[in-house]
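Descriptive structure summary
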Amino acid sequence: MWGIIVALISGALMSVQGVFNTEVTKQSSLWVSTGWVQFSALLVCVAAWFFTGRDSVGVLWQVDNKYTLLGGVIGAFITVTVIQSMSLLGPAKAAMLIVISQLAVAYVIELFGLFGVEKAAFEWRKVMGMLIAILGIVIFKWQK
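Residues numbered from 1 in each chain as written. Predicted model: local features only at pLDDT ≥ 70, side-chain atom pairs only at ≥ 80, totals over all residues. Heavy atoms only, no water.

Assigned secondary structure in the protein consists of 5 helices and 0 strands. For the protein, the sequential pattern of α-helices and β-strands runs α-α-α-α-α. Its C-alpha atoms give the protein principal-axis dimensions of roughly 55 × 45 × 30 Å. Here the protein holds 144 residues, and the buried ones make up 16% of them. Here the analysis covers contacts within the protein between residues at least 6 apart in sequence; of these, 55% occur between residues at least 24 apart. As presented, the protein carries roughly 10,900 Å² of accessible surface, and 73% of it is formed by carbon and sulfur atoms. (Helix = DSSP H or I, 4+ residues; strand = E, 2+ residues; numbered from the N terminus. Buried < 20%, exposed > 50% of the residue type's maximum accessible area, 1.4 Å probe, protein only. Contact = heavy atoms within 4.5 Å. Areas by Shrake-Rupley, 256 points an atom, 1.4 Å probe, with all protein chains shown as cover.)

Let us look at the side chain of Ser33. Tracing the backbone through its elements, the reader meets Ser33 in helix H2 (residues 30-52). When its relative accessible area of 1% is taken as the criterion, Ser33 is described as buried. Beyond its immediate chain neighbours, meaning those up to four positions away, Ser33 contacts Asn21, Val24, Thr25, Ser28 and Ile83.

Here it is as structure tokens:
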């Protein structure tokens, strides 16, 4: 149950963040806004690190698959693409498409066992669920 609550909070925060970032971008620029997002996130992480314990930062260099250290780089591009999609489509349409993309990519990662994730069996019901979600987007976007 806690996982569901945390996931719902994460989705809500992503939507609010996307709207905030889009507004900051309108008043500055895409890369200034994105830089601010990443810098302010760093400040929060450093503050949390001081208050919750000080594990060695050096352990990062001991991570087995070095490509997994690219999460921050990917995060910068996530910020940029969320800002652009919300600006072009509006928050609701952008969020729906973002979630569908996340579902599809996550399912492919599970199916093929990519990036060290345990391989999952193909299930038609999951494909049907994604197709229903895509149909929901079409209905949501449908205009007379």
